[in-house]
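Results of the structural survey
Take a look at the letters that make up each chain.
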Amino acid sequence: MSTRGVEAEIITELRLGLPGNSSSGEKNEKKKKRVFDEMVNDEGNSSCSGNERKNENTEKMNKAQVVGWPPVCSYRKKLIQRDNTMYVKISMDGAPFLRKIDLGNHKGYPELALAFEKLFDCHGIREALKDADNSEYIPIYEDKDGDWMLVGDVPWE
Amino acid sequence: MAHSFPEEVLEHVFSFIDSDKDRNAVSLVCKSWYEIERWCRRKIFIGNCYAVTPRIMIRRFPELRSVSLKGKPHFADFDLVPEGWGGYVDPWVSAMGRAYPLLEELRLKRMVVSDDTLEMVSKSFKNFKVLVLSSCEGFTTDGLASIAANCRNLRELDLRESDVEDLGGNWLSCFPESCTSLVSLNISCLGSEWSLRNLSALERLVGRSPNLRRLRMNRAVPLDKLANLLRRAPYLVELGTGAFSSELHPDVFSNLSGAFSGCKELRALSGFWDVVPAYLPAVYTICSGLTSLNLSYAAVQSSDLVKLITQCQNLQRLWVLDYIEDSGLEALAESCKNLQELRVFPSDPFAAEPNVTLTEQGLVAVSEGCPKLESVLYFCRQFTNDALFTIAKNRPSLTRFRLCIIEPRTPDYITLEPLDAGFGAIVQNCKELRRLSLSGLLTDRVFEHIGTHAKKLEMLSIAFAGDGDLGLHHVLSGCESLRKLEIRDCPFGDKALLANAAKLETMRSLWMSSCSVSFEACKLLGQKMPRLNVEVIDERGPPDSRPESCPVNTVYIYRSIAGPRLDMPAFVWTMDEELALRLS
């Protein structure tokens, strides 16, 4: 059977209904295709905003961040990450989701403070760090013994 | 004819028939054979826990001793199945606790297991012998403590790659002193920090288990304890070490080397966490007997890997990181002529630039040098059609071929063409191919090749490939033996799916995520095919809050005689109208 023959078969037989259902036809196919194209190409006008955003984002995103790709088992990924990175969980009161950052990506407390501000869309941590005497707040953290410590005492390394 | 043999004779004959396929065939011969067979079947494998219910299983096979179940779809390994999707084993264990008091073996893969379930297992089955939890989750070391404490005749406890919450405590001490039946213990997935009490409990357990042949330890077991453990278990056939690092000390080395040379039955080695290359020679004395070597956690340079591997002339299986590089694979091809399976994992899959020189050359060399090669899993960053032609020509005996070019849609790096022709050569030459994973730049042409030639293909994984519905149609209409199809991020839509609806009932399952299948098509499929469960997974909210033509995030379709499942979380919708009406 030649490819052409199969192709021709499909164009006539494939449609949105199962064999026997003749109500849907060419019209539906074309309509459906257009909607998908719209979603992929069209910025502003979209009936499926969630999906469209996702398509855009997938293109813009750093490829390394595509979920589940490359297909390395999460079990193995955890082990690779262990060796290369130092991920920590961060939560902010009032924020619905926790965030994770790689401590290895930052070179000091001020950079870390900047990352926090970016992640949670808040301000003031960096200023408080820089100018402790003049600011209303001081950044502190709870260490693994459960004690509250002043940020900056322990050297970054 | 059936009446000329008394039942007992037939039963005796059937007891020699082990394979599921043969047993199923036997049961189809006639009614009396069906009856005799179902009463004497002792072992069952259920590839999809939602394809059947515990009640149906128990009703047909009242005397099972060994049950294997699989839960979540394969792509759950790559975080594509949201938390809470399902795969709970509890209803199975509850039902079996009542129906199969003599159950001996339970093997689960990708299922959710709770501590309560484990306790139920440990108390319901007096003769329980084998527990294998592969890529399971939901339980803690407390659950393991129940198993250790209550299963008097435990032979096998294998936790491969499961996600176990370590609550501290020392569950290993829960094995009573009277427990001496262990044959296999795999705890390699457990935490990397252990109390001294756990370590000494392990030593004592190993010391009183004369039948222990397989021992896979976790990272927490330090190298200086290994020699002692080996001396207590010199008949080990398989060993997974703990951390393979220590301060360099000649005593530790000679002690370890001596212990290894005492283990003359060793055939498989794994572990090697945090390995210090200077300690690798400690295993040299047993290398010639090794058939399986898993170095996929060993971050070690190619030259050190090669020194070890070239001593293992009888190696049949090698798992390794891409640190081995092309040069190391060439050395492998020279030394290990019995190699059957090769897996090369990426050391840094998310790096923008390659950190090692591992290319298509390495795999080509192995395909040239290893005449028995049949199973390949290979992660790399570049490939060519030519290389695929060569591999296909060299190794027509390949049965499993999984190539992962790390960057999606990467073309042949020399010709810049899609890799259609190369993969086409693989399916055309390797007539026994049962499993295939594709990657790189691929058009519908590759699917045409697959549909035409891959007649024995049972499992196919596709990502970022194809042009449109025709591609999917080729696969569904051409691959006669297809059982599992998993697809992500491909422009496949409704047409091919609906035109091949009947095909889906001949398969275990179909997974399609980030494709172009509309909600409307899912509903239609669900309505027209009552023996298929069509499930939409979408975390954006109910699919009917969007236009019907809108693509769903994921559709998971599987055949089932159990009807739609009742344990779906909020983000999974079944396309069964009746059920939807009933539940609304």
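Here the structure is a predicted model, which is why all the values come from computation and not from measurement.

Cut-offs applied
Residues numbered from 1 in each chain as written. Chains lettered and ligands numbered in written order. Predicted model: local features only at pLDDT ≥ 70, side-chain atom pairs only at ≥ 80, totals over all residues. Heavy atoms only, no water. Helix = DSSP H or I, 4+ residues; strand = E, 2+ residues; numbered from the N terminus. Buried < 20%, exposed > 50% of the residue type's maximum accessible area, 1.4 Å probe, protein only. Contact = heavy atoms within 4.5 Å. Areas by Shrake-Rupley, 256 points an atom, 1.4 Å probe, with all protein chains shown as cover. Core = buried A, V, L, I, M, F, W, Y, C linked by side-chain atoms within 4.5 Å. Phe/Tyr/Trp six-rings, centres within 6.5 Å; stacked < 30°, edge-to-face > 60°. Patch = residues over 30% accessible without salt bridge, like charges linked within 9 Å, V, L, I, M, F, W, Y side chains within 5 Å. Salt bridge = Lys/Arg side-chain N within 4 Å of Asp/Glu carboxyl O. UniProt positions renumbered as here; feature names shortened; annotations may be inferred. Pairing = 2+ DSSP bridges. Right-handed = clockwise from strand over helix to strand, strands pointing away. Polar contact = N/O pair within 3.5 Å; in protein donor to acceptor, adjacent residues only side chain to side chain. pLDDT = per-residue confidence, 0-100.

Each helix and strand in chain A was counted, giving 6 helices and 4 strands. From first element to last, N terminus to C terminus, chain A shows the α and β order α-α-α-α-β-β-α-α-β-β. In chain A, which comprises 157 residues, the share counted as buried stands at 25%. Within chain A, counting contacts between residues at least 6 apart in sequence, those at least 24 apart form 17% of the total. Total accessible area on chain A stands at roughly 11600 Å², and carbon and sulfur atoms take up 51% of it.

Further remarks concern the nonpolar core. Formed by 186 residues in total, the largest nonpolar core has its most connected members in F244(B), F260(B), L293(B), L318(B), F401(B), I450(B) and L485(B). If we skip the residues at most four places from it in the chain, L293(B) touches L269(B), F272(B), L308(B), I309(B), C312(B), L315(B), R317(B), L318(B) and W319(B). W69(A), V72(A), F345(B) and C404(B) belong to the second-largest nonpolar core, a separate cluster that totals 13 residues.

What follows is about the packing of aromatic side chains. Residues and elements named next belong to chain B. Tallying each qualifying case throughout the model produces 19 aromatic pairs over all chains. With 5.7 Å between their ring centres and 75 degrees between their planes, Y50 and W85 make a pair best called edge-to-face. Taken as a pair, Y50 in the loop between β1 (43–46) and α4 (54–60) and W85 in the loop between β2 (66–70) and α5 (90–99) lie far apart in primary sequence, 35 residues in all. A single burial state applies to Y50 and to W85, both of which are buried.

This part covers a nonpolar patch on the surface. Residues and elements named next belong to chain A. Taken together, the side chains of I138, I140, W148 and L150 make up a nonpolar region of the molecular surface, amounting to roughly 440 Å² of accessible area. Locating I140 in the fold gives a position in strand β3 (residues 140–142). Judged by relative accessible area, I140 falls into the partly exposed class, the value being 46%.

This brings us to the environment of N134(A). Here N134(A) is to be found in the loop between α6 (125–130) and β3. Along the chain, N134(A) and L150(A) lie 16 residues apart, while their C-alpha atoms are 16 Å from each other.

What UniProt calls "domain: F-box" (unreviewed entry) maps, in this numbering, to residues 5–46 of chain B. For residues 5–46 of chain B, the helix share is 62%, the strand share is 10%, and the end-to-end C-alpha distance is 31 Å.

The next point concerns the pairing of strand β14 (residues 341–345) of chain B. Residue and element names in this part refer to chain B. The buried fraction of β14 is high, at 4 of 5 residues. Here 5 bridges tie strand β13 (residues 317–321) to β14, and the two strands are oriented parallel to one another. If you follow L318 over to β14, its bridge partner there is L342. Running through helix α12 (residues 325–335), the crossover from β13 to the neighbouring parallel element β14 is right-handed. With 4 bridges joining them, β14 and strand β15 (residues 375–380) adopt parallel strand pairing. When the bridges of β15 are listed, V344 appears paired with Y378.

Take the pattern of salt bridges next. If charged atoms from side chains of opposite charge come close, those side chains can pair. Residues and elements named next belong to chain B. One pass over the full model with this rule turns up 32 salt bridges over all chains. The salt bridge partner of D18 is K43, with a shortest N-O separation of 3.5 Å. Of this pair, D18 sits in the loop between α1 (7–14) and α2 (20–27) while K43 is found in strand β1, placing the two residues 25 residues apart along the sequence. Since its relative accessible area comes to 37%, K43 is described here as partly exposed. In this structure, E374 engages R400 in a salt bridge whose closest nitrogen and oxygen atoms are separated by 3.9 Å. In this pair, E374 sits in the loop between α13 (360–369) and β15 while R400 sits in strand β16 (residues 400–405), placing the two residues 26 residues apart along the sequence. Take E374: its relative accessible area is 28%, and that puts it in the partly exposed class. The exposure class of R400 is partly exposed, given its relative accessible area of 25%. Because the salt bridges share partners, they merge into one network encompassing R23, E37 and R41.

So, about the side chain of R41(B). All names here are of chain B. Inspection of the secondary structure puts R41 in the loop between α3 (31–40) and β1. Within polar-contact distance, the side chain of R41 engages the side chain of N24 at 3.0 Å. In this structure the side chain of R41 is engaged in a polar contact, spanning 2.8 Å, whose partner is the side chain of E37. Apart from residues no more than four positions distant in its own chain, R41 is found in contact with D20, R23, N24, R60, F61, E63 and L64.

Interpretation of this model should avoid reading the predicted coordinates in detail wherever pLDDT is low. All names here are of chain A. When pLDDT is averaged along chain A, the result is 59; 36% of the residues meet or exceed 70. Ranking the helices and strands of chain A by mean pLDDT puts strand β4 (residues 148–150) first, with 80, and helix α2 (residues 26–41) last, with 38. Low pLDDT (under 50) marks residues 1–64, which in the prediction has 62 contacts with non-local residues, meaning those over four places away or in another chain.

The subject of this paragraph is unusual backbone geometry. The omega torsion of the bond from W69(A) to P70(A) falls at -10 degrees, within 30 degrees of zero and hence cis. Note on placement: P70(A) falls in the loop between α3 (49–60) and α4 (74–84). Positive phi is not limited to glycine here, since F272(B) has a value of about 55 degrees. By secondary structure assignment, the location of F272(B) is in the loop between β11 (268–270) and β12 (292–295). For E325(B), which is not glycine, the phi torsion reads 60 degrees and is therefore positive. In this fold, E325(B) is placed in helix α12.

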